[in-house]
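The primary structure of each chain is shown beneath.
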Amino acid sequence: MSADCIFCKIIAGNIPSSKIYEDDEVIAFHDVHPKAKVHFLIVPKVHIESLASCGARHQALLGKVLLLAPSLAKEQGLAGFRTMINTGRDGGQEVFHVHLHVFGGDQLPKT
Ligand code: 5GP
Ligand code: ZN
């Protein structure tokens with residue numbers, strides 16, 4: 001846990017969130033400022049700054065995060081979805097605790 005990390009505070013239950021999944025390693029909740037009709041975040045509980053800070057020891061955890069996307073998307077009623085991981089300030093990352101965005105609920109624009 002990092003004391004000044006907003007996602008660590010959500011994981012600890014100190015800030016409320018609209019949670020859709022939780023186990024001992026991972027939590028998922030709706031984004032507070034959704035950029036699509038459905039927009040949720042899948043977040044490992046361990047504080048890792050970004051994808052660029054991940055190493056081989058995180059391989060299984062990252063695989064778990066990625067594989068949760070289709071099952072949670074299905075639970076949310078999404079026929080299709082888009083995933084995104086912003087990495088570093090130049091990559092648009094604002095919260096420095098690694099997380100996977102999942103967007104859906106509409107026909108998404110082409111990238
Ligand atoms: P990033 O830009 O770091 O990839 O994405 C951070 C995301 O976290 C943004 O989409 C932002 O709306 C979301 N976010 C920031 N603070 C909170 C919060 O307190 N609660 C929730 N549910 N989402 C948050
Ligand atoms: Zn954190």
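For the structure, check the block above.
Worth saying up front: this structure is predicted, and the values here are computed from it rather than measured.

Would you take a moment to explain the coordination of the zinc ion (ligand 2) for this structure?
Tetrahedral metal sites with four donors have an ideal angle of 109.5 degrees; octahedral sites with six donors have ideal angles of 90 or 180 degrees. On the protein side, the zinc ion (ligand 2) has Cys5 (SG), Cys8 (SG), His47 (ND1) and His97 (ND1) as donor atoms, found 2.0 to 2.3 Å from it. Viewed at the metal, the four donor atoms of the zinc ion (ligand 2) are separated by angles of 104 to 116°, and the geometry they form is tetrahedral. Within one chain, the residues serving as donors to the zinc ion (ligand 2) are arranged as C-x2-C-x38-H-x49-H. You can see Cys8 sitting in helix α1 (residues 6–11) and its partner His97 sitting in the loop between β4 (81–84) and β5 (100–104), a full 89 residues away along the chain. The same class applies to Cys8 as to His97, namely buried.

Even after reading the chapter, I still don't get the pattern of salt bridges, so can you show me in this structure?
Overall, the coordinates contain four salt bridges when judged by the stated rule. The salt bridge involving Glu22 is made with Lys45; its shortest N-O contact spans 2.8 Å. With Glu22 in strand β1 (residues 19–22) and Lys45 in the loop between β3 (38–44) and α2 (59–75), this residue pair connects regions lying 23 residues apart in the sequence. The class of Glu22 is partly exposed, set by a relative accessible area of 35%.

I'm lost on the pairing of β5 in this one. Help?
Where a strand is regular, its side chains alternate between the two sheet faces. The element β5 is extensively covered by neighbouring structure, given that five of its five residues are classed as buried. Burial of the side chains of β5 extends over both faces: Leu100, Val102 and Gly104 are buried on one face and His101 and Phe103 on the other. Judged from the five bridges that link them, β3 and β5 form a sheet pairing that is antiparallel. The residue bridging Ile42 from the neighbouring strand is Leu100, located in β5.

Reading guide: rules and limits
- Per chain, the residues get numbers from 1 upward, laid out in the order the sequence is written.
- The lettering of chains begins at A and the numbering of ligands begins at 1, in the order of writing.
- Residue-level local features of this predicted model are given only where pLDDT is at least 70; pairs of side-chain atoms are given and counted only at 80 or more, and the full residue set underlies all totals for whole chains, interfaces and linings.
- No hydrogens and no water enter the side-chain calculation; it runs on all heavy atoms of the structure.
- Donor selection uses N, O and S atoms within 2.8 Å of the metal (3.2 Å for Na, K and Ca). Since no water is included, sites may look incomplete.
- Square planar and octahedral sites, with four and six donors, are those where opposite donors lie more than 155 degrees apart and all other angles lie between 65 and 115, tetrahedral sites have four donors with every angle between 85 and 135 degrees, and the rest are irregular.
- Starting at the N terminus, helices and strands are each numbered in turn, a helix being any DSSP run of H or I of at least four residues and a strand any DSSP run of E of at least two.
- Each residue gets one of three labels from its accessible area relative to the maximum for its type: buried under 20%, exposed over 50%, partly exposed in between, using a 1.4 Å probe on protein chains only.
- Whenever a carboxyl oxygen of Asp or Glu lies within 4 Å of a side-chain nitrogen of Lys or Arg, that contact is scored as a salt bridge.
- For two strands to pair, DSSP has to find at least two bridges joining them.

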